[in-house]
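Overview (structure and organization)
Okay, here's what each chain looks like letter by letter:
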Amino acid sequence: IREQAEKELSAAESIQELENIRVKYLGKKGELTSVLRGMGALSAEERPIIGQIANEVRQVLENRIEELKKKLLDKERELKLAQEVIDVTIPGNRKVLGKKHPLTVVLDEIKEVFIGMGYEIAEGPEVEMDYYNFEALNIPKNHPARDVQDTFYINENILLRTQTSPVQIRVMENKKPPIKIICPGRVYRSDAVDATHSPIFHQVEGLVVDKGVTMGDLIGTLKIFAKSLFGEKTDIRLRPHHFPFTEPSAEVDVSCWTCGGKGCRICKNEGWIEILGAGMVHPKVLEVCGIDPEVYSGFAFGLGVERTAMGRFNIDDMRLLYENDIRFLKQF
Ligand code: PHE
């Protein structure tokens, strides 16, 4: 039994095999166990001799099993460690970093320029009351300006703001001069999508109200803005215009940042690019907000962010700004 068991044990390659051998010889119905059990049938002389031998064999087998078990466990652990070794020289997976959207880049630049001049950032709701978007801005119910700005109405009194100008009113209602704010935000107009139009776009409103604010202040401010954003050589040009909430009003062009005013594809050979509307805050608008136009004056402007971004980055189709194709966005 001993020889046979030791032979089998030496060949055992797993803990499970060891256990099977243990059961076969030392288990309740094991071969050695039955020898010990059968001792009763032996003579009194044989019993101690066979008993001693059987016990010895049991001891030897138990020790051997224990010893082999330890060896196998060690081997198993080594194998596991070897498998789990980390090769620190394997190149890692490079994480792809996102990029700021071109509109965000331009918006950040605009904010930085105005914050540098002491402006605060104001915000207003995109779902706006007719009163703030039109009425208080001197655009009464059947004013033709309401046609120009094709409006998404939610009901008779509530709409999606067509401009950031309603924030002028909200700010002036809540804060007395001196006021110096910009308001970046999304605006909505019921326009069909094409290369230069989108029903959702962005504006940055500017408003300054204080004693003795003049058109000269407006022009100086816009000049600094244009030079900061488009380069020191940039100039601005004001063309007379009409907005119901400013008087006088102007549309403002900047000299083309690509050709420097000579004419190129970007400015459609004009040398100038229109980027904003501006003017002196209409006395009626100040009055509606409880600010005395005899004491205070102010200027306001509204800047088109898409237009600015398209010019800055040489983008010829506005739709590219909203499709978020990663191949496009990666370029800025
Ligand atoms: N709100 C005007 C527009 O959307 C722009 C503007 C703002 C004009 C402020 C004058 C003063 O066209």
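As shown above, the structure is provided for reference.
Everything numeric here is computed off the predicted structure, so don't read it as measured data. (Residues numbered from 1 in each chain as written. Predicted model: local features only at pLDDT ≥ 70, side-chain atom pairs only at ≥ 80, totals over all residues. Heavy atoms only, no water.)

1. With respect to a nonpolar patch on the surface
Where nonpolar side chains cluster on the molecular surface, the patch consists of V127, M129, Y131, I154, I158 and V288 and spans about 500 Å² of accessible area. In this fold, V127 is placed in strand β2 (residues 127-129). (Patch = residues over 30% accessible without salt bridge, like charges linked within 9 Å, V, L, I, M, F, W, Y side chains within 5 Å. Areas by Shrake-Rupley, 256 points an atom, 1.4 Å probe, with all protein chains shown as cover. Salt bridge = Lys/Arg side-chain N within 4 Å of Asp/Glu carboxyl O. Helix = DSSP H or I, 4+ residues; strand = E, 2+ residues; numbered from the N terminus.)

2. Thoughts on the state of the cysteines
The bond known as a disulfide is covalent and runs between the sulfur atoms of two cysteines. Scanning all chains against the criterion turns up zero disulfides. Cysteine C183 remains unbridged, with the sulfur of C289 as its closest cysteine sulfur at 14 Å. With no disulfide partner, C256 has as its closest neighbouring cysteine sulfur the one in C259, 3.6 Å distant. For C256, a relative accessible area of 2% puts it in the buried group. (Disulfide = S-S within 2.5 Å. Buried < 20%, exposed > 50% of the residue type's maximum accessible area, 1.4 Å probe, protein only.)

3. Thoughts on the nonpolar core
Of all hydrophobic cores here, the largest spans 41 residues; its most connected members are I110, L222, F225, I275, L276, F299 and F301. Those elements giving two or more residues to this core turn out to be α5 (102-116), β5 (200-210), α9 (215-230), β7 (246-255), β8 (272-281), β9 (297-304), α11 (305-312) and α13 (326-329). Once you skip the residues sitting within four places of it in the chain, L276 turns out to touch L222, F225, A250, E251, V252, F301, G302 and L303. With 23 residues, the next largest nonpolar core counts I169, L207, L286 and A300 among its residues. (Core = buried A, V, L, I, M, F, W, Y, C linked by side-chain atoms within 4.5 Å. Contact = heavy atoms within 4.5 Å.)

4. Regarding the side chain of T162
For T162, the position within the fold is in the loop between β3 (158-160) and α8 (166-174). The class for T162 is buried, based on a relative accessible area of 0%. A distance of 3.0 Å separates a polar atom in the side chain of T162 from a polar atom in the side chain of N133. (Polar contact = N/O pair within 3.5 Å; in protein donor to acceptor, adjacent residues only side chain to side chain.)

5. A look at the pattern of salt bridges
If you walk through the whole model with that rule in mind, you get 17 salt bridges. The residue K24 makes a salt bridge to E8 at a minimum N-O spacing of 2.8 Å. Of this pair, K24 sits in helix α2 (residues 15-26) while E8 sits in helix α1 (residues 2-11), and the two are 16 residues apart along the sequence. For K24, a relative accessible area of 37% corresponds to the partly exposed category. In this structure, a network of salt bridges that share partners links the residues R237, R239, E251, D253, E274 and R307.

6. Brief notes about the sheet that holds β9
Taken in spatial order, the seven strands line up as β1-β4-β5-β9-β8-β7-β6 in an open sheet, and their pairing is mixed. Edge positions in the open sheet fall to β1 (120-121) and β6 (236-243), since each of these has one partner strand only. As defined by bridge partners, β7 adjoins β8 across eight bridges and the pair is classed as antiparallel. Along β8, the bridge assignment pairs V252 with L276. In the packing of α9 onto the sheet, contacts are made with β6, β7, β8 and β9, and the angle to β8 comes to roughly 150°. (Pairing = 2+ DSSP bridges. Axes fitted to C-alpha atoms, helices over the stretch in contact; angles between N-to-C directions.)

7. Comments concerning the site of the ligand
In the region of the ligand, 14 residues are neighbours, and Q163, S165, R189, Q203 and G302 sit closest. With respect to the ligand, the side chain of Q163 contributes an N or O atom lying 2.7 Å from a nitrogen atom. A distance of 2.9 Å separates an oxygen atom of the ligand from a polar side-chain atom of Q203. Taking 320 Å² as the accessible area of the ligand by itself, protein coverage stands at 92%. Going through the elements one at a time, β5, β8 and β9 are the ones with two or more residues in the shell around the ligand. (Near = heavy atom within 4 Å.)

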